[in-house]
Amino acid sequence: MVRWSCDFRYLLLVVAVAFIYIQMRLFATQSEYADRLAAAIESENRCTSQMRLLIDEISMQRGRILDLEEKRKLQDHECRQLRALIEDLQRKGLEKITDKEQVPVAAVVVMACNRADYLEKTVKSILKYQRSVASKYPLFVSQDGEDPDVKSKALSYNQLTYMQHLDYERVHTERPGELIAYYKIARHYKWALDQLFSKHNFDRVIILEDDMEIAADFFDYFEAAATILDNDKSIMAVSSWNDNGQKQFVQDPYALYRSDFFPGLGWMLSKSTWDELSPKWPKAYPFSLLG
């Protein structure tokens, strides 16, 4: 009986120890899970806080986007108004330019070389009658060579445009005894007319030399003749020069003659005619091609 009682106490002691051990393990496990739960809750709180910050940031950005969108709409509206204003101003400006713009009848070019005194007399004669119609007949002086007096004289007039033809290429005459000057003249004429028709894009050009004086009706005559030149493509050029125009030979000062002989200088050529002549312009004696 005593032995059984002792064994029972040992058994109770073992059970108590086992119970205490289990309780300690449960407590440790609960503590571990409690720590994990606290960490999870803390992490969730951080995520929630960060999410709220992100939501707040998104809301702020959305507000900025809406503000920028409103500003963009306002700027687009202002740009449309400015564009309409600019187009209106351009249209009005173009109307003013169109109203004032005078399409040239023809460019007038004085061919010069080394006679400054002759050039001065010719230019003064032209300007005397050209001032009132300057927009219709822009004036040019084309100098062949480097004569300083001619260049200085031409540049002294602000009513004209100066051009200078510098040709250093050696001249080879085709026949013995020919004058080099005729080749130089041909080159100068071709260069000057190419400049006026191609570079400056004039429809017509009136060619004068530096030893001519024009009459009071010079520009009226060429304005009327321009219509004839445009309408009759069989006409090569119109000239204001008549070798037999002296008083004793003229019966009708208003008569206009058609001739198959090319007249002297003071003639007007059209761009379409020059486009045909320029490629086949001769090396010398250019007026033999015309006459």
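Looking at an unreviewed UniProt entry, one finds the protein named Alpha-1,3-mannosyl-glycoprotein 2-beta-N-acetylglucosaminyltransferase, with Rhododendron griersonianum as its source organism. Looking at the protein in UniProt, the text filed under Sequence similarities (unreviewed entry) is "Belongs to the glycosyltransferase 13 family."

Caption draft 1: Molecular detail of helix H2 (residues 116-130). Its 15 residues give H2 an end-to-end C-alpha distance of 20 Å, which sits within 8% of 21 Å, the value for a rise of 1.5 Å per residue. Turning to H2, its buried residues number three or more, namely Ala116, Leu119, Thr122, Val123, Ser125, Ile126, Leu127 and Gln130. Next to the buried residues of H2 lie strand S1 (107-112), strand S2 (139-144), helix H3 (148-155), strand S3 (160-165), strand S4 (204-209) and helix H5 (218-231).

Caption draft 2: View of the pairing of strand S6 (residues 267-270). Residues Trp267 and Leu269 line one face of S6 and the alternating positions Met268 and Ser270 line the opposite face, and both faces are buried. In terms of strand pairing, S4 meets S6 through four bridges, oriented antiparallel. Directly across from Arg204, in S6, lies its bridge partner Ser270. In this sheet, S6 lies alongside strand S5 (residues 237-239) in antiparallel orientation, the contact comprising three bridges. In the sheet register, Ala237 faces S6, and the bridge partner there is Leu269.

Caption draft 3: A look at unusual backbone geometry. With phi around 60°, Asn201 is a residue other than glycine that occupies positive phi space. The residue Asn201 is located in the loop between helix H4 (180-199) and S4 in this model.

Caption draft 4: Structural detail: the side chain of Ser142. Position of Ser142 relative to the elements: it lies in strand S2. Excluding residues that lie within four positions of it along the chain, Ser142 makes contacts with Val109, Val110, Met111, Ala112, Met163, His188, Trp191 and Ala192.

Caption draft 5: Focus on the sheet that holds S6. Read across the open sheet, the six strands follow the order S3-S2-S1-S4-S6-S5; overall the sheet is mixed. Each end of this open sheet is capped by a strand with a single partner; those strands are S3 and S5. Shown here is a sheet whose adjacent strand axes are inclined to one another by a mean of 25°, direction ignored. Of the strand pairs in this sheet, S1 and S4 are connected by five bridges, and their pairing is parallel. Looking at the pairing, Val108 lines up with Ile206 of S4. Across the sheet, H4 lies against S1, S2, S3, S4 and S6, angled at about 135° from S3, the strand it touches most.

Each value, and the rule that gives it
Here the residue numbers are simple positions, counted from 1 along each chain's written sequence. Per-residue local features are limited, in this predicted model, to residues with pLDDT of at least 70; the limit for side-chain atom pairs, both in listing and counting, is 80 or more; totals at the level of whole chains, interfaces and linings are taken over all residues. Side-chain metrics rest on all non-hydrogen atoms present in the structure, leaving aside hydrogens and water. UniProt positions are given in the numbering used here, feature names are shortened, and annotations may be inferred rather than shown by experiment. Runs of H or I in DSSP of at least four residues are treated as helices and runs of E of at least two as strands, each being numbered from the N terminus. For a helix, the expected span equals 1.5 Å multiplied by the number of residues minus one. Per-residue accessibility, obtained with a 1.4 Å probe over protein chains only, is compared with the maximum for each type, and a residue is labelled buried under 20%, exposed over 50%, and partly exposed between these values. Between two residues, a contact is recorded if the distance between any of their heavy atoms is within 4.5 Å. Paired strands, in this sense, are two strands between which DSSP finds at least two bridges. Angular values range over 0 to 180 degrees, each being the angle between N-to-C directions of two axes fitted as lines to C-alpha atoms, with helices fitted over their stretch in contact.

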